[in-house]
Amino acid sequence: TSGRISLSYVFPGRKLKASQPTSSLMSATIATPTPLQLQIRVAPEAPRTRWRATTCRARPASLPDAQVVTGRKGVSEYVEAAQQLTRWPDGGPPRWFSPLECGGAGGRISGAPTLLYLPGIDGVGLGLIRHHEALAKIFVLWCLHIPVKDRTSFEGLVEYVERTVKLESSRAPDRPVYLVGESIGACIALAGAARNRDTDLVLILVNPGTSFHKSKLQSLSAFLDLIPEPFHLNSPEFLNFLTENFMQMLLTFIGRGTYLEEGGQALSEFLVDVLPRETIVWKLQMLRIASSFVNSRLHAVRAQTLVLASGYDVLLPSREEAQRLQSMLENCRVRHFRDNGHTILLEGGFDIVTTIKGAEYYRRSSQTDFIADYLPPTPSELKKILDSFGILNFANLVMLSTLPDGKIVRGLAGLPEEGPVVLVGYHMLMALELVPLVAGVLSSTGINLRGLGHPFLFNKYSEQLLPESSLFDVCRILGAVPVTTFNFYKLLSEKHFVLLYPGGAREVLHRKGEEYKLFWPEQPEFVRMASRFGAKIIPFGVVGEDDICDVLLDYNDLLKLPFYDIMDKKLNKDSVKLRADCTGEIQNQPIHPMVVLPKVPGRFYFIFGKPIETRGREMELTEKENAQHMYLHVKSEVENCIKYLKEKREEDPYRSILPRLLYQAVHGHNAEIPTFEL
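Keep in mind that what you see is a predicted model, and the values were worked out from it rather than measured.

Novice: How do you make sense of the sheet that holds strand β18 (residues 497-500) when you look at a structure like this?
Specialist: Sheets are built from strands that pair by backbone hydrogen bonding, the pairs being arranged parallel or antiparallel. Read from one edge to the other, the open sheet built from eight strands follows the order β14-β13-β22-β19-β15-β18-β16-β17, with strand pairing classed as mixed. In this open sheet, the two strands that pair with only one neighbour each are β14 (408-410) and β17 (481-482). Here strand β13 (residues 398-402) runs beside strand β22 (residues 605-608); their pairing, made up of four bridges, is parallel. The residue of β22 that forms the bridge with Met399 is Phe606.

Novice: Where do I start with a nonpolar patch on the surface in this structure?
Specialist: Nonpolar side chains collect at one region of the surface, where Leu552, Val595 and Leu597 lie side by side and expose about 230 Å² of accessible area between them. Summarising the element assignment, Val595 is placed in strand β21 (residues 595-598).

Novice: Would you explain the sheet that holds strand β6 (residues 95-97) in this entry?
Specialist: Spatial ordering of the open sheet is given by β6-β8-β7-β9-β10-β11-β12, a layout of seven strands whose pairing is mixed. Each of the sheet's edge strands pairs with one partner strand only, and the pair in question is β6 and β12 (332-341). If you compare each strand with its neighbour and ignore which way they point, the axes differ by 20 degrees on average. Bridge count for strand β7 (residues 114-118) against strand β8 (residues 140-145) is four bridges, and the pairing is parallel. When the bridges of β8 are listed, Thr114 appears paired with Val140.

Novice: Is there a simple way to explain the pairing of strand β10 (residues 201-206) in this structure?
Specialist: For a regular strand, side chains alternate in direction, first toward one face of the sheet and then toward the other. When you tally the buried positions in β10, you get six out of six residues, the bulk of the element. A two-sided burial pattern is seen for β10, the buried positions comprising Leu201, Leu203 and Leu205 on one face and Val202, Ile204 and Val206 on the other. Across six bridges, strand β9 (residues 177-182) lies against β10 in parallel orientation. Residue Tyr178 lies in a different strand from β10, and its bridge partner there is Val202. Viewed along the sheet, the connection from β9 through helix α4 (residues 184-195) into β10 turns out right-handed.

Novice: Just checking my understanding: could you explain the pattern of salt bridges for this structure?
Specialist: Pairing is possible between side chains that carry opposite charge, provided their charged atoms lie close to one another. Evaluation of the coordinates by the stated rule reveals 23 salt bridges. Of the charged contacts in the structure, one is a salt bridge between Lys357 and Glu381, with a shortest N-O distance of 2.7 Å. With Lys357 in helix α11 (residues 352-358) and Glu381 in helix α12 (residues 379-388), this pair connects stretches of sequence that are 24 residues apart. Accessibility assignment for this pair places Lys357 and Glu381 in one class, buried. The salt bridge involving Glu514 is made with Arg506; its shortest N-O contact spans 3.1 Å. The same class applies to Glu514 as to Arg506, namely buried. Because the salt bridges share partners, they merge into one network encompassing Asp546, Asp547, Arg649, Glu650 and Arg655.

Novice: Whenever I open this one, the side chain of Thr210 confuses me. Can you help?
Specialist: Residue position: Thr210 is located in the loop between β10 and α5 (217-224). Residue class for Thr210 comes out buried when judged on its relative accessible area of 4%. Residues contacting Thr210, with those up to four places away along its chain left out, are Cys187, Leu190, Ser291, Val294, Asn295, Glu321, Arg324 and Leu325.

Novice: Explanation requested: the nonpolar core in the structure shown.
Specialist: Among the nonpolar cores identified, the biggest contains 86 residues, and Leu423, Leu437, Leu449, Leu499, Phe526 and Phe608 are the most heavily contacted of them. Element by element, the count of residues in this core is highest for helix α23 (residues 624-648), at eight residues. Look past the residues within four positions of Leu499 in its chain and what remains in contact with it is Leu423, Leu434, Leu437, Val438, Leu449, Arg450, Gly451, Leu452 and Phe540. In this structure, Val161, Val165, Phe212 and Cys332 belong to the second largest nonpolar core, which totals 48 residues.

Novice: I'm lost on the environment of Glu182 in this one. Help?
Specialist: Mapped onto the elements of the fold, Glu182 is located in strand β9. Owing to a relative accessible area of 10%, Glu182 belongs among the buried residues under this scheme. Separated by 162 residues in the primary sequence, Glu182 and Ile344 place their C-alpha atoms 9.7 Å from one another. Excluding anything up to four places from it in sequence, Glu182 contacts Tyr117, Leu118, Pro119, Gly120, Gly127, Val206, His342 and Leu345.

Novice: I keep staring at the packing of aromatic side chains and nothing clicks. Help me out?
Specialist: To describe a pair of aromatic rings, you give the distance between the ring centres and the angle between the ring planes. Taken as a whole and judged by the stated rule, the model has 17 aromatic pairs. With a centroid separation of 5.7 Å and an interplanar angle of 50 degrees, the aromatic rings of Tyr426 and Tyr516 are classed as tilted. Taken together, the residues Tyr426 in the loop between β15 (421-425) and α14 (434-445) and Tyr516 in the loop between α18 (504-508) and α19 (527-532) connect sequence positions 90 residues apart. On the basis of relative accessible area, Tyr516 is assigned to the buried category, the value being 11%. Aromatic side chains Phe604 and Phe606 sit 6.5 Å apart centroid to centroid with 80 degrees between the ring planes, which places their arrangement in the edge-to-face category. Residue classification places Phe604 among the buried residues on the basis of a relative accessible area of 0%. Look at Phe606 and you get buried, because its relative accessible area is 0%. Following the ring pairs from residue to residue traces out a cluster consisting of Phe139, Tyr178 and Tyr362. Stacked on the ring of Phe293, the Lys or Arg Arg297 has its end atom at 3.7 Å from the ring centre. A cation over an aromatic ring shows up here: Arg450 above the ring of Tyr374, its NZ or CZ 3.9 Å from the ring centre.

Novice: Sorry if this is basic, but what is going on with α23 here?
Specialist: Residue pairs three or four apart in sequence face the same way in an α-helix, which turns once every 3.6 residues. For α23, spanning 25 residues, the distance from its first C-alpha to its last is 36 Å, which sits close to the expected 36 Å at 1.5 Å a residue. Considered for burial, the residues of α23 that qualify are Ala627, Met630, Tyr631, Val634, Val638, Cys641, Ile642, Leu645 and Lys648.

Novice: Would you mind going over unusual backbone geometry with me for this structure?
Specialist: Trans peptide bonds make up the majority, and among non-glycine residues the majority have a negative phi. Of note, the amide linkage connecting Gly419 to Pro420 takes the cis form, showing an omega dihedral of 5 degrees. A positive phi angle, near 60 degrees, is found at Lys495, a position not held by glycine. Overall, the relative accessible area of 56% leaves Lys495 in the exposed class. The residue Tyr516 is not glycine, and still its phi comes out positive at about 65 degrees.

Novice: Would you mind showing me how to read helix α24 (residues 657-667) here?
Specialist: Turning to α24, its buried residues number three or more, namely Arg660, Tyr663 and Gln664. The buried residues of α24 occupy an angular sector of 95 degrees when projected down its axis, which confines them to one face. Exposed and facing more than 90 degrees away from the buried side of α24 are Leu658, Leu662, Ala665 and Val666. Phi for Gly668, located one or two positions after α24, is positive at around 105 degrees.

Novice: Just to check I follow, could you spell out the packing of helix α3 (residues 154-171) against α4 for this structure?
Specialist: Relative orientation and spacing of two packed helices are given, respectively, by the angle between their axes and the distance between those axes. Relative orientation of the contacting elements α3 and α4 amounts to 65 degrees, with a least axis distance of 9 Å. In the crossing of α3 with α4, the sense of the turn from one axis to the other is right-handed. Packed against α3, whose contacting residues are Phe154, Glu155, Leu157, Val158, Glu159, Val161 and Glu162, the element α4 presents Cys187, Ile188, Ala191, Gly192 and Arg195 at the interface. Partitioned by chemical class, the residues of the contact of α3 with α4 number seven nonpolar, one polar and four charged.

Rules and cut-offs
Residues numbered from 1 in each chain as written. Predicted model: local features only at pLDDT ≥ 70, side-chain atom pairs only at ≥ 80, totals over all residues. Heavy atoms only, no water. Pairing = 2+ DSSP bridges. Helix = DSSP H or I, 4+ residues; strand = E, 2+ residues; numbered from the N terminus. Patch = residues over 30% accessible without salt bridge, like charges linked within 9 Å, V, L, I, M, F, W, Y side chains within 5 Å. Areas by Shrake-Rupley, 256 points an atom, 1.4 Å probe, with all protein chains shown as cover. Salt bridge = Lys/Arg side-chain N within 4 Å of Asp/Glu carboxyl O. Axes fitted to C-alpha atoms, helices over the stretch in contact; angles between N-to-C directions. Buried < 20%, exposed > 50% of the residue type's maximum accessible area, 1.4 Å probe, protein only. Right-handed = clockwise from strand over helix to strand, strands pointing away. Contact = heavy atoms within 4.5 Å. Core = buried A, V, L, I, M, F, W, Y, C linked by side-chain atoms within 4.5 Å. Phe/Tyr/Trp six-rings, centres within 6.5 Å; stacked < 30°, edge-to-face > 60°. Lys NZ or Arg CZ within 6 Å of the ring centre and 35° of its normal. Expected span 1.5 Å × (residues − 1). Arc of directions from axis to C-beta. Left-handed = near helix turned anticlockwise from the far one by under 90°. Nonpolar A, V, L, I, M, F, W, Y, C, P; charged D, E, K, R; others polar.

Given below as structure tokens:
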């Protein structure tokens, strides 16, 4: 019941030894180089869990995940766990470990792909410690540990990772293998992708070390030759140069008053252990070789790639390097994080799972399935989205719905509890209503509206024309999918709630004086599809854009500006023509910017009309005339909803901001503010 349990398994040519101190009641699985599984149950005694396993070079395909390291969070926990992992003298070789205490296969999504984490210059393999729990739910996670005294060459590390990738790919040939690499780990990932062009890989490159020759790390190599062993890492200036913003993180996670006495000392001692001078010199030499090796082979990389670049990375010019990689790699997207530093994975406020979801980079098969691979937003993601749209939230939404008997009530009681449902409505200027609508319905009812979005939202080339490449990530996190007949069909077949805007881009980018005007095509596009699955159709209206902003320059004004035609061609060069079979204004739906003048925020008013049944009318609605009649009925109901809200908001005593502020001052910030009488 106390002390240490040691296990040895002897087989031809090799001996595996694993030792584990008895801790809280647990079950451990030891992965061996042959199809063997050992289960251990130990009684509770020591409060701290440690793990050490050697000679485990690659995970056998037939073995379940080994539960090894707990899902700790924060820099202080990272230092503590890393000290345990590097405590024993170990000259190698590198090995994989699985940091999944946060639940085995029972808590993981079915068909989850494998994710291999390739560490940065420290080599510990715990860089994802803040994300272990979230990643464990959607990936089979394995992390590479490179012992301090290990001197495996860069090419040797690439070959080692390459063998594991091939093993995982053969085990699940229909799934991709994810490689998440930091700095030098990103170089290993790129090298592996260049050498295995036909393997289905997804690369997540975090501040990649391919920019070594343009970085301050080159001068560090010469500087280290002048410093005796052990050099003075407890100097705050040098510590900040070496690890950049560890200080900033420690102030966040440990607390401002305790950093210099506790956090700085612990971190300094840890770095002395993990990064002695000869190890630093070796790793910097390896990084130089890795950078040159990879840069000469970027043309061979065909893997789907996502580059995460920090704006405050003082070790590497990550922002500029991300733009360079995007221009050189054929299938690459970039996400910039202006307020983060080199060690972004350990910083608060950053979530790698949210970033992968927002970039639409999570998939469990060879092709992205926008329906099957979708992961609904977590409560923390939903809260972050709502907080980021503070101005619109401050508008204090008024949501009304209509019961089956026609009675209008405040709240969403009139929405059906089960799908399939098609919500059809008016698309406000610049889609201002979209996030409040989807997030409001989700937080109130748990119903995830799956919006059919313009292909522009999913085009990687359109991201390069935007001031911020992640502008559309929120829409994808909330469930938007490209508007195609197949996606519409599949959503209804799986009984989803589908959000549809027939007015499309023409409606959301309307001209001056066109507020609340519908630009719907003449054909009954959605009626027949809805009737095929017996889906309810719910018309809805929304008003409030004229209380948020005024249009200063619309498309007609922009066309008069010098040189705008150049931007117009870039924005619409490869755009999909969704209304090619229509005529007039409906056919012409160019993508263009809007120049608006913000106002003191008013309120957004939503109303969901009475559900329209299609169940039992499938044969009737196959007739073109009947389908057209229902289509016009739905359009008329949307117009009636808008008209109702425009009239009733004039009776709202809390439409202006001052009365709402006074009400919240008296009744509390979270109090529901009244509105007009229903």
